[in-house]
Amino acid sequence: MTAEIINGKTTASGIYEILAQRIKDFPSTPKLAIIMVGNDDGSVIYVRNKQKAAEKIGLKTELFHFPENASEDEIITLISRLNADSQTNGIIVQLPLPAHLTTNKIINHIMPQKDVDGFNPYNTGMLQNNEQPYFVAATPLGIMTMLKNIYSDLSGKNVVIIGASLIVGRPLATLMLNQECTVTITHIHTRNIKELTRKADILIAACGVAKLVKKDWIKDGAVLIDVGINRDNGKICGDIDADDVKEKAAFLTPVPGGVGPMTIAMLLQNTVDAYILQHQ
Ligand code: NAD
């Protein structure tokens with residue numbers, strides 16, 4: 001068996017076409033406010049990619065770039081202003097923030113109706129209750145979109161997630177549970193992790209450890225979703241060792257070109273949805 005590659009770029013371009021068409025029909029241009037603090041290398045690239053993708057579909061972005069030593073008060077004051085600004089439809093804070101800032105305290109100030117990253121406790125709580133949040137985090141949403149292109153029904157699937165972060169592992173586990181999957185979340189302190197991953201019909205690696213998952217971690221015919229973005233000898237790679245697993249897995253997302261492009265597409269889809277929500 002050679003794994004079929006799930007091309008996130010192609011799926012994302014289809015989504016962009018639909019979004020661009022929807023935006024053309026709007027009476028005004030949707031706007032996403034991006035708040036960035038400091039100059040983390042990864043963040044600079046991610047923000048630039050988000051802005052480029054937005055521009056291509058006719059969605060406006062405004063970048064608020066604070067210096068590394070910015071205070072929580074300054075950022076929260078800006079968020080309050082953007083919450084009240086009728087021209088701003090979505091607000092995100094690019095993570096990670098510098099260590100002196102409390103991420104949740106800042107993010108919790110974004111009003112749920114503009115929280116297009118889906119991190120506000122209102123949105124995560126609604127998801128947890130299996131009710132409709134305003135927005136779901138972009139990376140998990142992108143993964144669900146890719147999985148639904150493979151499976152018409154996810155119920156009963158054995159899912160193992162490596163990584164329990166607020167932005168990927170936790171919301172993804174909830175989305176999967178809401179689809180009636182049997183979900184195991186693993187993390188750095190999980191013992192005998194391979195015993196768990198080897199039982200997964202769907203294995204999602206989101207831990208940020210280059211090529212951690214090898215062929216003896218997976219079962220034959222598994223669907224592998226690689227969220228990780230790492231560098232190995234200067235080359236970008238995922239958390240899954242693609243070369244090692246490709247003869248054993250049924251499906252595999254590549255890095256780059258898998259989950260990454262879908263994440264940006266979902267963020268922009270959320271922003272378009274925010275615009276519609278605010279113009280109802
Ligand atoms: P994080 O650091 O917030 O969380 C990492 C999680 O992985 C933690 O729960 C930790 O306990 C677990 N972990 C770490 N090492 C482990 C190990 N050896 N075994 C098992 N679990 C382990 O990370 P994050 O923000 O969720 O990001 C994870 C990875 O995904 C990173 O490489 C990041 O760059 C990438 N990422 C990609 C996208 C995308 O769009 N493709 C989006 C978000 C994050």
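To be clear, the structure that these remarks concern was listed above.
### Examining the pattern of salt bridges
Logical step 1: Throughout the structure, instances matching the rule amount to 9 salt bridges.
Logical step 2: A salt bridge links Asp-243 to Lys-246; the nearest nitrogen and oxygen atoms lie 3.4 Å apart.

### A word on the sheet that holds strand β6 (residues 182–186)
Logical step 1: Here we have 6 strands laid out as an open sheet, ordered β1-β11-β8-β7-β5-β6, and parallel in their pairing. Looking along the sheet, the strands with just one partner apiece sit at the ends: β1 (4–5) and β6.

### Examining the side chain of Thr-253
Logical step 1: With respect to the helices and strands, Thr-253 occurs in the loop between β11 (251–252) and α10 (259–278).
Logical step 2: A polar contact is formed between the side chain of Thr-253 and the backbone nitrogen of Asp-226, at a distance of 2.7 Å.
Logical step 3: Not counting residues within four places of it along the chain, the set of residues in contact with Thr-253 comprises Ile-6, Met-146, Leu-224, Ile-225, Asp-226, Gly-258 and Val-259.

### Observations concerning empty space enclosed by the protein
Logical step 1: Overall, the coordinates contain 1 cavity of 30 Å³ or more when judged by the stated rule.
Logical step 2: Of the voids in this model, the largest cavity is the one considered here, and its volume is about 40 Å³.
Logical step 3: Taken together, Gly-118, Asn-123, Thr-124, Leu-127, Pro-133, Phe-135, Val-136, Ala-137 and Pro-171 make up the lining of the largest cavity.
Logical step 4: Take the lining of the largest cavity: its biggest share by element is 3 residues, from helix α5 (residues 121–128).

### Notes on the packing of helix α2 (residues 41–56) against α10
Logical step 1: It is at 10 Å that the axes of α2 and α10 come closest, and there the two elements cross at 60 degrees. By the criterion of interaxial angle, the relationship of α2 to α10 is oblique. Crossing handedness for the pair α2 and α10: right-handed. Taken together, the residues of α10 that come into contact with α2 (itself represented by Asn-49, Lys-50, Ala-53 and Ala-54) are Ile-264, Leu-267 and Leu-268.
Logical step 2: Of the residues belonging to the contact of α2 with α10, the class tally is 5 nonpolar, 1 polar and 1 charged.

Parameters and conventions
Residues numbered from 1 in each chain as written. Predicted model: local features only at pLDDT ≥ 70, side-chain atom pairs only at ≥ 80, totals over all residues. Heavy atoms only, no water. Salt bridge = Lys/Arg side-chain N within 4 Å of Asp/Glu carboxyl O. Pairing = 2+ DSSP bridges. Helix = DSSP H or I, 4+ residues; strand = E, 2+ residues; numbered from the N terminus. Polar contact = N/O pair within 3.5 Å; in protein donor to acceptor, adjacent residues only side chain to side chain. Contact = heavy atoms within 4.5 Å. 1 Å grid on protein atoms, 1.4 Å probe; cavity = no way out; pocket = protein on both sides within 12 Å on 5 of 7 lines; lining within 4 Å. Points joined across faces, edges and corners; volume = space filled by probe spheres on them. Axes fitted to C-alpha atoms, helices over the stretch in contact; angles between N-to-C directions. Parallel < 35°, antiparallel > 145°, perpendicular 65-115°, else oblique. Left-handed = near helix turned anticlockwise from the far one by under 90°. Nonpolar A, V, L, I, M, F, W, Y, C, P; charged D, E, K, R; others polar.

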